[in-house]
Amino acid sequence: MSKRLTADLIARYDQDGVIFPRRLLSAADAAGYRRQLEAFEAAHGGALKGAYRFKSHLLFKWLADLVRAPEVLDLVEDLIGPDILCWNTNWFIKEPRTPNFVSWHQDNNYWGLDTRKLVSVWIALSPATRASGCMRLIPGSHRGPTLPHVDTFHADNMLTRGQEIAVTVDEAKAVDITLETGEAAVFAFGIAHSSPPNQSDDRRIAIVLRYIPPETRQTVAAWDSAALVRGTDRFGHFTHEPVPTRDFDPVAVAFHLRAEEQQRQVYYQGTGLKGHRT
Ligand SMILES: O=C(O)CCC(=O)C(=O)O
């Protein structure tokens, strides 16, 4: 029996590859998380960059709690079953009136994961509107083939390698994923998505949680890690990550160093790059 989603919503996810909007956080809780992010940024030289944008659930206690929150996991369980690993958490932050954008791409082309079941939970910590550069995606594209991509390394592209679908995307079919602060969009691995620049006066802040079932394998790197956040892992394909007991818990920070470095090799595989571009 499903825990949070109706049969209709699960069928819609299978068909379209996206469910939105879902209220996951109150506006007050979302504002509180934004405050914690921005306090960290103020103390560390400005906007979050580089390694801090990846696997951040190993660094920030509030995020370690959020990836384990029942209201998130119940939803994910309805889509991928009761055994759940959190493989990643990524920040996508666009500063006000900046040219940064995300080109059309499919995540499954780059992460080395042999599953179709990865679920992304994209949570807005500020309004995601057309003006602020909300995500756009093509419903149903997760059911099609993985399309050819080219690496552009465009300076304003927020993706690691500026990767872009190399065939024409029918943008007439795109849906704008507008969300209020604290709302989420849940989307499937393999869905084609993008987002234009932020032309608003506020930051567009998203934290994205990525979940996989434990039978998944990492096919590009010899080692990978994930946090077991619910149920049992009967496969052992991923080293289980420590749970931070506070912000920048030294044990979790040391693990983050290794895990993020390893993940970076997957993201930049074949490019010759070793460090983050952004
Ligand atoms: O936040 C965005 O604009 C893009 C997010 C994205 O590409 C992703 O979550 O995979």
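Everything below is about the structure printed above this text.
Residues numbered from 1 in each chain as written. Predicted model: local features only at pLDDT ≥ 70, side-chain atom pairs only at ≥ 80, totals over all residues. Heavy atoms only, no water.

Undergrad: Got a sec to walk through the pairing of strand S4 (residues 119-124)? Specific residues and values, please.
TA: Along any regular strand the residues' side chains alternate between the sheet's two faces. Of all six residues in S4, six are buried; the element is thus mostly enclosed. The alternating pattern of S4 places Val119, Val121 and Ile123 and Ser120, Trp122 and Ala124 on opposite faces, both of which are buried. (Buried < 20%, exposed > 50% of the residue type's maximum accessible area, 1.4 Å probe, protein only. Helix = DSSP H or I, 4+ residues; strand = E, 2+ residues; numbered from the N terminus.)

Undergrad: A description of empty space enclosed by the protein should follow, citing residues and the corresponding values.
TA: One pass over the structure, following the stated rule, counts two cavities of 30 Å³ or more. Looking at the largest cavity, its volume works out to about 250 Å³. Residue lining of the largest cavity: 22 residues in total, with Phe92, His105, Asp107, Leu159 and Arg210 positioned closest to the centre. If you list the elements that add at least two residues to the lining of the largest cavity, you get strand S2 (84-94), strand S3 (102-105), strand S10 (193-195) and strand S11 (204-212). Here the lining of the largest cavity gets three residues from one element, more than from any other, and that element is S2. Of the residues assigned to the lining of the largest cavity, the class counts are twelve nonpolar, six polar and four charged. (1 Å grid on protein atoms, 1.4 Å probe; cavity = no way out; pocket = protein on both sides within 12 Å on 5 of 7 lines; lining within 4 Å. Points joined across faces, edges and corners; volume = space filled by probe spheres on them. Nonpolar A, V, L, I, M, F, W, Y, C, P; charged D, E, K, R; others polar.)

Undergrad: Residues and numbers for the sheet that holds strand S8 (residues 175-177), please.
TA: The strand order across the open sheet formed by four strands is S3-S10-S5-S8, and the pairing between neighbours is antiparallel. If you trace the sheet from one side to the other, it starts and ends with S3 and S8, each paired once. Going across the sheet, the axis of each strand differs from the next one's by a mean of 25°, ignoring polarity. In this sheet, S10 lies alongside strand S5 (residues 135-137) in antiparallel orientation, the contact comprising two bridges. Its bridge partner lying in S10, Leu137 is registered against His193. (Pairing = 2+ DSSP bridges. Axes fitted to C-alpha atoms, helices over the stretch in contact; angles between N-to-C directions.)

Undergrad: Could you give me a rundown of the sheet that holds strand S13 (residues 239-240), with the residues and numbers involved?
TA: In space, the seven strands of this open sheet follow the order S1-S9-S4-S11-S2-S12-S13, with mixed pairing throughout. In the strand order of this sheet, the two ends are held by strand S1 (18-23) and S13, each with one partner. Direction of pairing for S4 relative to strand S9 (residues 183-188): antiparallel, over a ladder of five bridges. Across the sheet, Ile123 pairs through a bridge with Ala184, a residue of S9. Contacting S1, S2, S4, S9, S11 and strand S12 (225-230), helix H4 (residues 70-80) crosses the sheet at an angle of about 50° to S11. (Contact = heavy atoms within 4.5 Å.)

Undergrad: So what's going on with H4? Which residues, and what values?
TA: In terms of burial, H4 is largely enclosed, as nine of its eleven residues are buried. Phi turns positive, to about 100°, at Gly81, one or two residues after H4.

Undergrad: Now, about the layout of surface pockets: what can you tell me, with residues and values included?
TA: As a volume, the second largest pocket reaches approximately 160 Å³. Taken together, Ile138, Ser141, Leu147, Ile165, Val167, Thr168, Val169, Asp170, Lys173 and Ala192 make up the full set of residues lining the second largest pocket. Taken together, the residues of the lining of the second largest pocket break down into six nonpolar, two polar and two charged.

Undergrad: Please give an account of the packing of aromatic side chains that cites residues and values.
TA: Aromatic ring pairs are reported here in terms of the distance separating the ring centres and the angle at which the planes meet. Counting across every chain of the model gives twelve aromatic pairs. On the basis of an interplanar angle of 80° and a centroid distance of 5.3 Å, the ring pair of Phe40 and Tyr52 is categorised as edge-to-face. Remark: Tyr52 occurs in the loop between helix H2 (27-43) and helix H3 (61-66) and Phe40 occurs in helix H2; sequence separation between them is twelve residues. Judged by relative accessible area, Phe40 falls into the buried class, the value being 11%. Classification of Tyr52 as partly exposed rests on a relative accessible area of 33%. An angle of 70° between the planes, with centres 6.3 Å apart, marks the rings of Trp111 and Tyr267 as edge-to-face. Of the two residues, Trp111 is situated in the loop between S3 and S4 and Tyr267 in helix H5 (residues 250-267); the sequence distance between them amounts to 156 residues. Like Trp111, the residue Tyr267 is buried in the burial classification. (Phe/Tyr/Trp six-rings, centres within 6.5 Å; stacked < 30°, edge-to-face > 60°.)

Undergrad: An account of the nonpolar core is needed here, citing residue identities and associated values.
TA: Counting residues in hydrophobic clusters, the biggest one holds 42 residues, and the most contacted among them are Leu66, Trp91, Val121, Ile123, Leu125, Leu209 and Tyr211. Per element, the largest residue contribution to this core is six residues, and it comes from H4. Beyond its immediate stretch of four places on either side in the chain, Leu125 contacts Leu25, Ala30, Tyr33, Arg34, Trp62, Trp91, Thr181, Ile205 and Ile207. Val18, Met158, Ala185 and Phe187 belong to the second-largest nonpolar core, a separate cluster that totals 18 residues. (Core = buried A, V, L, I, M, F, W, Y, C linked by side-chain atoms within 4.5 Å.)

Honestly, it's all geometry; don't read function into it.
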